[in-house]
Amino acid sequence: MYQPSRGAARRLGPCLRAYQARPQLPNLFLYSHDYTLYSLDVEFINEILNIRTKGRTWYILSLTLCRFLAWNYFAQLRLEILQLTRHPENWTLQARWRLVGLPIHMLFLRFYRRDKDELYRTYDAYSTFYLNSSGLICRHRLDKLMPSHSPPTPVKKLLVGALVALGLSEPEPNLHLCSKA
């Protein structure tokens, strides 16, 4: 296992403090990101889109692609940092984060609704940042972007009322199994 020098450990401190403060991560989709925290040969492993790049320029392009795809899927979007931990024993920073947004297609299909809270979708993901001896991020691994489970929506009363009015459904279940002739 790699053991960093004392100088490298001192240089690692500001990088870890920058990530503990979390000033930039929640605004990743809104503003430009500070890419000086990454080494020139940073490796990006994106398990979601199955992309693997090497180099800061390709990393910037990959993150720009991810931002572009997210903004084309969501009308409103925010990033929430759920948990950020550092692991000095293996020189990693691990982040659990969540994308919360209103999908554009849901906005178009349900434009008439005033309360759009139940239309929002959340996706949880997990990132691991590996640090090199100079305290810069040399690898970013992005894993498991999956929808968060939201409670099931109740049966719409309007739909049930329309079915009852049309006679396709009964307001109470019919328990008469045999008809009397």
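What counts and how
- Counting restarts for each chain, with residues numbered from 1 along the sequence as it is written.
- Given that this is a predicted model, residues contribute local features only at a pLDDT of at least 70 and side-chain atom pairs are listed and counted only at 80 or more, while totals for whole chains, interfaces and linings are drawn from all residues.
- Side-chain measures here rest on the full set of heavy atoms in the structure, leaving out hydrogens and waters.
- Secondary structure is summarised from DSSP: a helix means a run of H or I of at least four residues, a strand means a run of E of at least two, and numbering begins at the N terminus for each.
- Note on exposure labels: buried denotes an accessible area under 20% of the residue type's maximum, exposed denotes more than 50%, and partly exposed covers the range between, all computed with a 1.4 Å probe on protein chains only.
- In this analysis, two residues are considered to be in contact whenever any of their non-hydrogen atoms come within 4.5 Å of each other.
- Reported accessibility uses the Shrake-Rupley method at a 1.4 Å probe radius. Residues are deemed covered only where the shown protein chains occlude them.
- Only strands that DSSP links by at least two bridges are regarded as paired with each other.
- Under the pairing criterion, centres of Phe, Tyr and Trp rings, with the six-membered ring standing for Trp, must be within 6.5 Å; the plane angle then separates stacked pairs below 30 degrees from edge-to-face pairs above 60, leaving the rest tilted.
- Over a ring means this: the NZ of a Lys or the CZ of an Arg is within 6 Å of the ring centre and within 35 degrees of the ring normal.

The chain is annotated in an unreviewed UniProt entry as Chromosome 6 open reading frame 136 from Microcebus murinus.

Asks: Help me out: how do you make sense of the overall build of the chain in this one?
Replies: Within the chain, the regular secondary structure consists of 4 helices and 6 strands. Starting at the N terminus and walking to the C terminus, you meet the elements of the chain as α-β-β-α-β-β-α-β-β-α. Relative to its full complement of 181 residues, the chain shows a buried share of 33%. Of the contacts made within the chain by residues no fewer than 6 positions apart, 54% connect residues no fewer than 24 positions apart. A total of about 12,500 Å² of accessible surface is found on the chain, and carbon and sulfur atoms cover 58% of it.

Asks: Explain the pairing of strand E1 (residues 38-46) here, please?
Replies: Sheet faces and side chains relate simply in a regular strand, where the side chains alternate between the two faces. Within E1, 7 of the 9 residues are buried, which leaves the element mostly enclosed by the surrounding structure. Where E1 and strand E2 (residues 51-54) come together, 4 bridges link them in antiparallel fashion. Bridging across to E2, Ile 45 finds its partner in Arg 52. Connecting E1 to the antiparallel partner E2 that follows it, the hairpin turn spans 4 residues, and Asn 50 within it adopts a positive phi of roughly 55 degrees.

Asks: Help me understand unusual backbone geometry, please; the structure alone is not making it clear to me.
Replies: Trans peptide bonds make up most of the peptide bonds, and negative phi angles are found at most residues other than glycine. Phi at Asn 50 takes a positive value of approximately 55 degrees, unusual for a residue other than glycine. Secondary-structure assignment places Asn 50 in the loop between E1 and E2. Of note in the backbone geometry, Trp 91 takes a positive phi value of approximately 55 degrees without being a glycine. Of note, Trp 91 is situated in the loop between strand E3 (74-87) and strand E4 (92-103). Classification of Trp 91 as buried rests on a relative accessible area of 8%.

Asks: For this particular structure, what's the right way to read the packing of aromatic side chains?
Replies: Describing an aromatic ring pair means giving the distance of the ring centres and the angle of the ring planes. In this structure the tally under the stated criterion is 6 aromatic pairs. Where Tyr 35 meets Tyr 38, the ring centres are 6.0 Å apart and the plane angle is 40 degrees; that geometry is what we call tilted. Residue classification places Tyr 38 among the buried positions, given a relative accessible area of 1%. Relative to Tyr 59, the ring of Tyr 35 has its centre 6.3 Å away and its plane inclined at 85 degrees; by these criteria the two rings are edge-to-face. Taken together, the residues span a long stretch of sequence, with Tyr 35 in the loop between helix H1 (6-21) and E1 and Tyr 59 in helix H2 (residues 56-73) at a distance of 24 residues. You can call Tyr 59 buried: its relative accessible area is 1%. An aromatic cluster is defined as three or more aromatic residues linked by ring pairs; in this entry it consists of Tyr 35, Tyr 38, Phe 44 and Tyr 59. The ring of Tyr 130 has Arg 139 lying over it, and the distance from NZ or CZ to the ring centre is 5.1 Å.

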